[in-house]
Amino acid sequence: MSDVDWSALQRLESHLEAKHARGGSQWKETEVLALGAWKYSDTKGTIDLPTAQQISCTLLKIFTNALTIVTPTFDPLGVCLDPFAALANHSCDPNAVVVMDGPDLSFRSLKSIAKDEEIFISYIDVTNPLARRQKELKERYHFTCACLKCQKGPTGPEDKFLKPPKKLMKKWATLVDDLTKAGNAPKDDPANYVGDDIDSKRMAVLQGMAFSALQIAREASDPRVTIAGIENGMRLCYQCGMFPVYRQPYAQMRHDLFVNMVTVGNFPIAWAQGVKTYFLIDPVLFPQTYHPVRVVHTWTLAMLTLYIASEYNGLQFQQSVGSELDLGIIIYGLLAEVYGNVQRSHGQSSSFAKSVQRKFEEVKVDMTRGFPDALRGMEGRVEKHWKLFRQAADWMQY
Ligand SMILES: C[S@@+](CC[C@H](N)C(=O)[O-])C[C@H]1O[C@@H](n2cnc3c(N)ncnc32)[C@H](O)[C@@H]1O
């Protein structure tokens, strides 16, 4: 490492004292890792306290400041430490997002940012309810977020239930009470806090059950087991009648289900779930049409639709979904949307923007082969067809 990089690393925040004072499993893990790093360096003798502290401090600087390396479509690849990017503070309503493109890292704006205005990114999943965000930021980064969104309290869509907690159906209230009495409810966790009254506490238990269902499902190595676990969690969120489709962990479960359904080759179900996310979830969780996550989701749905139409028995799919639904118009409409937003989401010269442009051109060439007028009035046809396409968002019950 160069001297410049080393001194940049030394200036980064580690929260060493706070982590040490808190102790617990996080600190234990740091100590074990520090010892491991020292052993790996093949230094002779036994480790002394100042050396152990120095290694722990360096490791904690990495944990606090590293970014996840992702593909342009946000698939995780590893971690990196960029002392410049590490200067960005967090907001739950960020004005920028980090996008990576091979070795290039860029900050893309989500809002207009005035000269000298601070640039904020998000360190965590900001689509989670307030209490969960606050707990995660406190535990990992040692601060209490005071962004505008947090200051407003639990008033945003992330904290909305379909009904006030006291309107929870009797049978669900009884189920929660029975589980709690028998000691089988998830243990009290501030991340699930909803309120202090008995009804809110019941909702906190239900929310905890949903989050742990997702976590357990994710730990399975067989995608079929993961799917079964996610579906159980989704049924809980749906049947209790309290979770809007965009409330976490319900929305995340649907996205995980989409990915796992693609993995096992169940494309029709993946498609129907992807359509639900496209129409009912992403516009709420990512209001900017050019939000990179929303653009990537739309791109993935476009690619799945294209695959279904061209490779995967498109005719049979078409018959099963109703012959009025025109997959060609849907592919064109989704790709046009991605194409219109990708300059802002990823940057005109990014490899992702180039892939989008290439694919859109390819699709247009395919559509006009033998039918030179096939694209005439396409924008209007897409607009008309979208009402029919929107109905597919209601196919899946949960
Ligand atoms: C990646 S560093 C960001 C740069 C850091 N502020 C600095 O000057 O080195 C992460 C740390 O910055 C602080 N931080 C980030 N966002 C914050 C915020 N919104 N409010 C308070 N502290 C914040 C926390 O101490 C966090 O662990």
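- The protein goes by SET domain-containing protein in an unreviewed UniProt entry, where it is assigned to Coniosporium apollinis.

Points about the site of the ligand
Link 1 in the chain: Around the ligand sit His15, Thr64, Asn65, Ala86, Leu87, Ala88, Asn89, His90, Tyr123, Tyr141 and Phe143, and that is every residue in its neighbourhood.
Link 2 in the chain: At 2.6 Å, a side-chain N or O of His15 approaches an oxygen atom of the ligand.
Link 3 in the chain: A distance of 2.8 Å separates a nitrogen atom of the ligand from a polar backbone atom of His90.
Link 4 in the chain: Here the ligand has 560 Å² of accessible area as a free molecule, and 73% of this is covered by the chains.
Link 5 in the chain: Every element with two or more residues in the shell around the ligand is listed here: helix 4 (49-65) and strand 3 (89-90).

Observations concerning the pairing of strand 1 (residues 67-70)
Link 1 in the chain: Taken together, the four bridges between strand 1 and strand 2 (residues 76-80) define a ladder with antiparallel strand orientation. Counterpart to Leu67 in the pairing with strand 2 is Cys80.

Some words on the nonpolar core
Within soluble globular proteins, side chains that are nonpolar generally end up buried alongside one another.
Link 1 in the chain: Residues Leu206, Trp271 and Phe389 are the most contacted members of the largest nonpolar core, which totals 69 residues.
Link 2 in the chain: No other element matches helix 14 (residues 327-345), which puts nine residues into this core.
Link 3 in the chain: Composition of this core by domain shows at least three residues from each of domain 2 (160-264) and domain 3 (266-398).
Link 4 in the chain: In this structure Trp271 touches Leu301, Leu304, Thr305, Ile308, Phe317, Leu325, Leu327, Ile330, Phe389, Ala392 and Trp395, once residues within four positions along its chain are discounted.
Link 5 in the chain: Within the second largest apolar cluster, nine residues are counted, among which are Ile124, Val126, Leu130 and Tyr141.

Notes on the environment of Ser91
Link 1 in the chain: Relative to the helices and strands, Ser91 resides in the loop between strand 3 and strand 4 (96-101).
Link 2 in the chain: Each C-alpha atom, one on Ser91 and one on Val356, is 30 Å from the other, the two residues being 265 residues apart in sequence.
Link 3 in the chain: A distance of 2.9 Å separates a polar atom in the side chain of Ser91 from the backbone nitrogen of Asp93.

Side note on the domain arrangement of the protein
One frequent convention defines the size of an interface as the accessible area lost when the parts assemble.
Link 1 in the chain: Considered domain by domain, the protein is made up of domain 1 (3-140), domain 2 (160-264) and domain 3 (266-398).
Link 2 in the chain: Here domain 1 and domain 2 have C-alpha centroids that lie 30 Å from each other.
Link 3 in the chain: Contact with domain 1, which involves seven residues of that partner, is made by ten residues of domain 2.
Link 4 in the chain: A buried area of about 690 Å², summed over both sides, lies between domain 1 and domain 2, and 51% of it is on carbon and sulfur atoms.

A word on unusual backbone geometry
Link 1 in the chain: Residue Pro249 follows Gln248 across a cis peptide bond; omega there is 5°.
Link 2 in the chain: Tracing the sequence through the fold places Pro249 in the loop between helix 9 (223-239) and helix 10 (250-263).
Link 3 in the chain: Despite not being glycine, His15 shows a phi value in the positive range, around 60°.
Link 4 in the chain: As for its position among the elements, His15 is in the loop between helix 1 (3-10) and helix 2 (16-22).
Link 5 in the chain: The buried category is assigned to His15, whose relative accessible area is 15%.
Link 6 in the chain: Not every positive phi belongs to a glycine, and Asp116 is a case in point at roughly 70°.
Link 7 in the chain: Note that Asp116 resides in the loop between strand 5 (104-109) and strand 6 (120-121).

Calculation notes
Residues numbered from 1 in each chain as written. Predicted model: local features only at pLDDT ≥ 70, side-chain atom pairs only at ≥ 80, totals over all residues. Heavy atoms only, no water. Near = heavy atom within 4 Å. Polar contact = N/O pair within 3.5 Å; in protein donor to acceptor, adjacent residues only side chain to side chain. Areas by Shrake-Rupley, 256 points an atom, 1.4 Å probe, with all protein chains shown as cover. Helix = DSSP H or I, 4+ residues; strand = E, 2+ residues; numbered from the N terminus. Pairing = 2+ DSSP bridges. Core = buried A, V, L, I, M, F, W, Y, C linked by side-chain atoms within 4.5 Å. Buried < 20%, exposed > 50% of the residue type's maximum accessible area, 1.4 Å probe, protein only. Domains from an automatic or database assignment. Contact = heavy atoms within 4.5 Å. Buried area = accessible area lost by both parts, 1.4 Å probe.

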